[in-house]
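This is what each chain is made of:
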Amino acid sequence: MHQPLFIEQAYIDGKFVGSKHTFQVINPATGKSIGQIPDLTVADTKKAIIAADKAWKPWNSLPVGERCTLVRNLYELIRKHKDELARIMTLESGKPLTESLVEVDYGNSFVEWFSEEGKRTYGETIPALKSGIHLSTIKQSVGVVAAITPWNFPLAMITRKLAPALAAGCTFILKPASQTPFTAIALARLVDEAGIPKGVFQVITSKDSQGIGKELSTHPLVRKISFTGSTSVGRSLMEQAAGTIKRVSFELGGNAPFLVFDDADIDKAIAGAIAGKFRNSGQTCVAVNRFYVQEGIYSAFADKLTAAVKKLKVGDGLKKGVQVGPLINPAGLEKVQEHVQDAVDKGAVVKTGGKALKGNFYEPTVLTDVAPNSLLAQEETFGPVCALFSFSTEEEAIRLANDTPFGLAAYFYSENIHRCRRVAEALEAGMVGINTGMVSNASAPFGGIKQSGIGREGSRYGIDEYLEIKYLCYGE
Ligand code: NAP
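Just so it is clear, the model here is predicted, and its values are computed rather than measured.

Bringing the packing of helix H3 (residues 82–93) against helix H6 (residues 181–193) into the picture now. Remark: H3 packs on H6, axes separated minimally by 8 Å, with the N-to-C direction vectors making an angle of 160°. Taken together, H3 and H6 sit at an angle that is classed as roughly antiparallel. The residues of H6 that touch H3, namely those facing Leu85, Ile88, Met89 and Glu92, are Pro181, Phe182, Thr183, Ala186 and Leu190. Of the residues belonging to the contact of H3 with H6, the class tally is seven nonpolar, one polar and one charged.

See below:
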């Protein structure tokens, strides 16, 4: 019988567990508590690692067809409980319900994809250069995987890692963001119902992210760390993981440029800008952070974008018609305020917005004439703010776009096919949207270069992150 998905417990070795220490999870739209969750410790994490190691061999030994059927069961269950999952997600992350529903489908598309892709982890035979030997490769699961995930996509940032790991034959310990643990625990309930054996997936809820992160990234039985979050935390996890030479996959911060050339279709560019900027109130790693607009259409673009931004409806994500929710917490709001104030102090013009509303809400904002040395140009703002800069030549646009240590997503608009090829090749980013503001889907490799990450999620490459290649050399 199906149990409710809102559970105030963690999930270790097949059991939902409590703790005498708990912490409150706050709804960012109302500032009110939505529930309490166990504040687990490093000792609990050690237990989970032992359980994951014990579960690994039996899980890995299951025929891949059986493992993939269990992952497919999970897909069907997530589909069935879409509305309940989306509601939990909106309560803890603040994102509009319509976006949460889209995230359930998006997150689940990775579960479906890897329930199939798991069957295609082919090895190969290699022609031998001399007689007397026969060469081949097989792919085998990495082992115990530890994952640490952020709050901005409470489901999808988990499923992009969990589904390929399970299909590959790994076991998986998750430390979700302390702001959004309830979606992770709801997922654990569905993993349990799907028939996935105990110890294969576990969820450690805790406020002690540093202590738990250290244990996960230094314990010798953990063979891989997969992390999505800020570049600074990624850097420290990489340092810690170096001690036991773990595999790492990192999806880190971005600073996405959005270039609009004079030869762009301006209406398409406006639609792409709204999609690429305002999803989750600008709190996505692929959110546009810097708009570079060519001089000839700068004013027209700024006016049209301002008109479109003025129409966005801000409010509690559970209310009908809301398109822009709150920032995740007061610290998120302060960062946005600081970036806008800094830009205005350096001469930026506020075309619309520019003010905090009550609670964690911030007005959708357009700024023009932003100085290149503004914080908005250098750091991820993670808020509903469009910062417009101008450029004159293609070379200048590429130089400005690449002038950052980050390299996750980049976008540009042009109707000239030759320019499209040139600019797409020149941009230093793991993903480039050409005449589109949305790039992510399960069949495509998602990931960054430079300080935005290592490895790819989704696509046929995503499962390689959880597999080792073993080379076999047969003598005669
Ligand atoms: P964050 O502070 O790095 O937190 C992410 C996760 O790491 C949370 O679970 C957090 O736990 C945990 N954490 C924090 N400090 C830690 C430590 N010292 N050791 C181990 N774990 C630690 O990032 P965030 O502010 O939540 O998320 C936003 C960032 O994620 C942005 O930079 C965004 O660009 C990036 N992101 C990247 C992608 C991508 O695919 N490239 C996707 C989404 C988000 P607590 O919640 O308990 O602090």
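A few words now on the state of the cysteines. With the rule as written, the count across this model stands at zero disulfides. Cysteine 170 supplies the cysteine sulfur nearest to cysteine 68, a cysteine that is in no disulfide, at a spacing of 12 Å. Judged by relative accessible area, which is 1%, cysteine 68 ranks as buried.

Okay, the domain arrangement of the chain next. For the chain, the assigned domains read domain 1 (10–252 + 452–475) and domain 2 (256–442). Contacts between the two partners involve 30 residues from domain 1 and, on the opposite side, 26 residues from domain 2. Buried area between domain 1 and domain 2, both sides added, is near 2,100 Å², and the carbon and sulfur share of it is 58%. The largest share of the area that domain 1 buries against domain 2 comes from Pro28, Trp151 and Ser452, three residues that together contribute 24% of it. The tally of links from domain 1 across to domain 2 stands at zero salt bridges. For the side of domain 1 that touches domain 2, the secondary-structure elements that each account for two or more residues are H3 and helix H4 (97–117). Take the side of domain 1 that touches domain 2: its biggest share by element is seven residues, from H4. Its residues placed into classes, the side of domain 1 that touches domain 2 shows eleven nonpolar, twelve polar and seven charged.

Residues Leu74, Leu162, Phe172, Leu187 and Phe201 are the most contacted members of the largest nonpolar core, which totals 60 residues. The biggest single contributor to this core is helix H5 (residues 156–168), with nine residues. When neighbours within four sequence positions are excluded, phenylalanine 201 is seen to be in contact with Tyr11, Leu162, Phe172, Leu174, Ala184, Leu187, Ala188 and Val191. In this structure, Val260, Ala302, Val439 and Phe446 belong to the second largest nonpolar core, which totals 33 residues.

Here we come to the site of the ligand. Taken together, 30 residues are adjacent to the ligand, and Thr149, Ser178, Ser230, Leu252 and Glu380 come closest. A distance of 3.5 Å separates an oxygen atom of the ligand from a polar backbone atom of alanine 177. Take glycine 229: an N or O atom from its main chain is 3.3 Å from an oxygen atom of the ligand. Notes on the ligand: free accessible area 900 Å², of which the protein chains cover 86%. Mapped by element, the contributors of at least two residues to the shell around the ligand are H5, helix H7 (209–218), strand E10 (222–228) and helix H8 (231–242). Sorting elements by how many residues they give to the shell around the ligand places H7 first, with three residues. Grouping the amino acids of the shell around the ligand by side-chain chemistry returns 14 nonpolar, twelve polar and four charged. Counting residues domain by domain, the shell around the ligand receives three or more from each of domain 1 (10–252 + 452–475) and domain 2 (256–442).

Reading guide: rules and limits
- Residues numbered from 1 in each chain as written.
- Predicted model: local features only at pLDDT ≥ 70, side-chain atom pairs only at ≥ 80, totals over all residues.
- Heavy atoms only, no water.
- Axes fitted to C-alpha atoms, helices over the stretch in contact; angles between N-to-C directions.
- Helix = DSSP H or I, 4+ residues; strand = E, 2+ residues; numbered from the N terminus.
- Parallel < 35°, antiparallel > 145°, perpendicular 65-115°, else oblique.
- Contact = heavy atoms within 4.5 Å.
- Nonpolar A, V, L, I, M, F, W, Y, C, P; charged D, E, K, R; others polar.
- Disulfide = S-S within 2.5 Å.
- Buried < 20%, exposed > 50% of the residue type's maximum accessible area, 1.4 Å probe, protein only.
- Domains from an automatic or database assignment.
- Buried area = accessible area lost by both parts, 1.4 Å probe.
- Salt bridge = Lys/Arg side-chain N within 4 Å of Asp/Glu carboxyl O.
- Core = buried A, V, L, I, M, F, W, Y, C linked by side-chain atoms within 4.5 Å.
- Near = heavy atom within 4 Å.
- Polar contact = N/O pair within 3.5 Å; in protein donor to acceptor, adjacent residues only side chain to side chain.
- Areas by Shrake-Rupley, 256 points an atom, 1.4 Å probe, with all protein chains shown as cover.

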